[in-house]
Amino acid sequence: MSLPTPTLDTERLRLRPFIDADADALYALQSDPDAMRYWDSPPWSDRAAIPRFFASCRQMSESGSGVRVAIERTTEPGLIGWCTFNSWNPDFRSASLGYAISPTAWGRGYATESARAVLDWAFATLDLNRVQAETDTRNLASARVLEKLGFVREGTLRQDCIVNGDVSDTWVYGLLRSEWAG
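The text that follows walks through the structure, step by step, so that each part is easy to find. Every value quoted in this text rests on a predicted model; they were computed, and no experiment measured them. (Residues numbered from 1 in each chain as written. Predicted model: local features only at pLDDT ≥ 70, side-chain atom pairs only at ≥ 80, totals over all residues. Heavy atoms only, no water.)

### Topic: the pattern of salt bridges
- Applying the stated criterion across every chain, the model contains 11 salt bridges.
- The partner of D22 in a salt bridge is R16, with the nearest N and O atoms 2.7 Å apart. Neither D22 nor R16 differs from the other in exposure class; each is buried.
- One salt bridge connects R47 with D24, and the closest N-O pair in it is separated by 2.6 Å. With R47 in the loop between α1 (23–30) and α2 (49–63) and D24 in helix α1, this residue pair connects regions lying 23 residues apart in the sequence.
- Taken together, the shared-partner salt bridges connect R16, D22 and E72 into one network. (Salt bridge = Lys/Arg side-chain N within 4 Å of Asp/Glu carboxyl O. Buried < 20%, exposed > 50% of the residue type's maximum accessible area, 1.4 Å probe, protein only. Helix = DSSP H or I, 4+ residues; strand = E, 2+ residues; numbered from the N terminus.)

### A short note on the pairing of strand β2 (residues 13–16)
- Examined bridge by bridge, strand β1 (residues 8–9) and β2 share two bridges and lie antiparallel to one another. Each residue of the ladder has a partner; that of L8, found in β2, is L15.
- Hairpin geometry of β1 and β2 is characterised by an intervening segment of three residues between the two adjacent antiparallel strands.
- Both β2 and strand β3 (residues 67–73) contribute to a ladder of four bridges, which runs antiparallel. (Pairing = 2+ DSSP bridges.)

### Remarks on the side chain of T112
- By secondary structure assignment, the location of T112 is in helix α3 (residues 110–125).
- Each residue touching T112, except ones within four places of it in the same chain, is listed here: V145, K148 and L149. (Contact = heavy atoms within 4.5 Å.)

### A few points about the environment of L157
- Looking at the secondary structure, you find L157 in strand β7 (residues 152–163).
- On a C-alpha basis, the gap between L157 and D169 in space is 5.7 Å, while along the polypeptide they are 12 residues apart.
- Excluding residues within four positions of it along the chain, L157 makes contact with E134, D169, T170 and V172.

Okay, here's the thing in structure tokens:
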């Protein structure tokens, strides 16, 4: 069963399917060492990653395992980040949440606003019971986003990631339907 990628509007943002015109901004985000500092893979170094990323977005939607939306401001078009709802398991009624925001847009609440819109959509659309999110323990800004959304820190995965020789721990967060305030 497919899961069509929604278009969602918030007070300041539009979340929508990716388009070809997003390629340059997407590459700028994914190849930025600051933006990818706490990510579980190194920054992109080859533009060939762009079509693979777009294909993975289509495949996720077509398989029904999740959606990834581009984030742009309503006042000016252009990608500033993305938010993903993935690993959807209808049997367990669970999924994962993730997001990436361009450093030029950090500190303005866009991650929280976009993630809230995706969670609202997911809880309203699917018989969802639990959403999980993970963040590098050094990424306190991302931890704050998750906590603002009502996620509860459930544990630490010790030395969970090794990216370019850098070993890091991961915090695991969970959000239950009964805790979702929307």
